[in-house]
Amino acid sequence: MDKIKFATVWLAGCSGCHMSFLDLDEWLIELAEQIEVVYSPVGSDLKVYPDQVDVCLVEGGVANEDNWELIHQVRQRTKILISFGDCAVTANIPAMRNMLDGAEPVLRRAYLELGDKTPQLPHEPGIVPELLDQVLPVHQVVPVDIYMPGCPPPADRIRATLEPLLRGEWPTMAGRDMIKFG
Ligand code: SF4
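Here goes a summary of the coordinates provided. As the structure is a prediction and not an experimental result, all values here were calculated from the model. (Residues numbered from 1 in each chain as written. Predicted model: local features only at pLDDT ≥ 70, side-chain atom pairs only at ≥ 80, totals over all residues. Heavy atoms only, no water.)

## As for the overall build of the chain
Let me state the cut-off plainly: Only DSSP runs of H or I with at least four residues qualify as helices, and only runs of E with at least two residues qualify as strands; both kinds are numbered from the N terminus onward. Each radius of gyration reported is based on C-alpha atoms, and the globular scaling rule is 2.2 Å times the count of residues to the power 0.38. Working rule for contacts: check all heavy atoms of both residues, and any pair within 4.5 Å makes them a contact. To measure how exposed things are, a 1.4 Å probe is used in the Shrake-Rupley method; for residues, cover is taken only from the protein chains shown. Counted as positive: Lys and Arg. Counted as negative: Asp and Glu. His and the chain ends are not counted at all. Think of each charge as sitting on NZ of Lys, CZ of Arg, CG of Asp or CD of Glu.
Looking only at helices and strands, one finds seven helices and seven strands in the chain. Helices and strands in the chain line up, N terminus first, as β-α-α-β-β-β-α-β-α-α-β-β-α-α. For the chain, the C-alpha radius of gyration of 17 Å lies close to 16 Å, the compact-globule estimate for 182 residues. With the principal axes as the frame, the chain shows a C-alpha extent of 55 × 35 × 30 Å. Of all intrachain contacts in the chain linking residues separated by at least 6 positions in sequence, the fraction that spans at least 24 positions is 77%. For the chain, the exposed surface amounts to about 10,300 Å²; the carbon and sulfur share of it is 54%. Computed over 15 positive and 27 negative side-chain charges, the inter-centroid distance for the chain is 2 Å.

## Some thoughts on the environment of N64
Here is the rule we go by: Relative accessibility under 20% of the residue-type maximum defines a buried residue, over 50% an exposed one, and the middle range a partly exposed one, all with a 1.4 Å probe and only protein chains included.
Take N64: it is sitting in strand β4 (residues 62–64). For N64, a relative accessible area of 14% puts it in the buried group. What N64 contacts, discounting residues up to four positions off in sequence, is P129, E130, L131 and L132.

## Notes on the site of the ligand
Filter applied, for reference: We define proximity as follows: a residue is near a molecule or strand when any one of its heavy atoms falls within 4 Å of that partner. Three residue categories are used. Nonpolar comprises Ala, Val, Leu, Ile, Met, Phe, Trp, Tyr, Cys and Pro, charged comprises Asp, Glu, Lys and Arg, and polar comprises the others, including Gly.
With respect to spatial proximity, the complete set of residues near the ligand consists of G13, C14, G16, C17, E59, D86, C87, N92, I93, G150, C151 and P152. Put simply, the parts of the chain that give the shell around the ligand at least two residues each are α1 (16–22) and α4 (86–90). Along the lines of polarity and charge, the residues of the shell around the ligand split into six nonpolar, four polar and two charged.

## Considering a negative patch on the surface
Note the threshold: Patch rule: a residue counts if its relative accessible area is over 30% and it has no salt bridge; like charges are joined within 9 Å, and nonpolar side chains (Val, Leu, Ile, Met, Phe, Trp, Tyr) within 5 Å. Salt bridge, as used here, is a side-chain nitrogen of Lys or Arg placed within 4 Å of a carboxyl oxygen of Asp or Glu.
A contiguous patch of negative charge, built from D23, D25, E26, E30 and E33, is present on the exposed surface. As for its placement among the helices and strands, E33 is situated in helix α2 (residues 27–34). Taking the relative accessible area as the measure of exposure, E33 reaches 57% and is therefore exposed.

## A look at the packing of α2 against helix α6 (residues 155–166)
The cut-off we apply is this: The convention used is that axes are lines fitted to C-alpha atoms, helices contributing only their stretch in contact, and that angles between N-to-C directions extend from 0 to 180 degrees. Any angle that is under 35 degrees is reported as roughly parallel, and any over 145 degrees as roughly antiparallel; angles of 65 to 115 degrees are reported as roughly perpendicular and all others as oblique. Left-handed describes a crossing whose near helix is turned anticlockwise from the far helix by less than a right angle; the clockwise case is right-handed.
Running from N to C, α2 and α6 point in directions that differ by 25°, and their axes come no closer than 12 Å. Regarding the angle of α2 to α6, the classification is roughly parallel. Between α2 and α6 lies a crossing of left-handed hand. Between α2 and α6, the contacting residues are W27, L31 and Q34 on the first element and R159, L162, E163 and L166 on the second. In terms of residue class, the contact of α2 with α6 is built from four nonpolar, one polar and two charged.

## Thoughts on the side chain of R75
Tracing the backbone through its elements, the reader meets R75 in helix α3 (residues 65–77). For R75, a relative accessible area of 17% corresponds to the buried category. If we skip the residues at most four places from it in the chain, R75 touches I80, L81, V142, P143, V144 and D145.

## Topic: the pattern of salt bridges
Throughout the structure, instances matching the rule amount to nine salt bridges. Close ionic contact of R167 with E169 constitutes a salt bridge, the shortest N to O distance being 3.2 Å. R167 sits in the exposed class, given a relative accessible area of 53%. When salt bridges that share partners are traced, they join E104, R108, R109 and E113 into one network.

By themselves, these are just geometric observations and shouldn't be taken as functional.
Pasting the structure below:
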């Protein structure tokens, strides 16, 4: 039987959701027998998101042009896209800057007002991606198939979401254990 092509993507998040994924501990060994990791910041070094991915966990909000481009590729090339954690589901912490008037005040504060040596705005076309004016949850940019909240989602919730998918079934995202935020 073909293994499930599995990916994880890291957009604007703290990587805490990926750390929680690693908290699956020994179940990761069982998981590894059933999946082929085709793209992930923790499981592969591929730079290009591949075609025909079966399942992808997406951590983080959509905050910059790179995130925007990648999430569209992910959506086009993935059967089941899971919004993985509160930053993906609601934009959460990265969206705290949304209360300001666009990205410019954030950049000015971080790089000019607080820059103690050589204050300057980051600018390197093709290397430093432009910030979007607002940080968006994933579903406001592309359709999402499954929402897995949590900051981060606990490992038990990740397993309870993935196990049915491995059997070809749909997980039941209901009840405190599965959909509690925070
Ligand atoms: S949901 Fe929480 S743990 Fe996950 S990326 Fe956002 S801040 Fe980090």
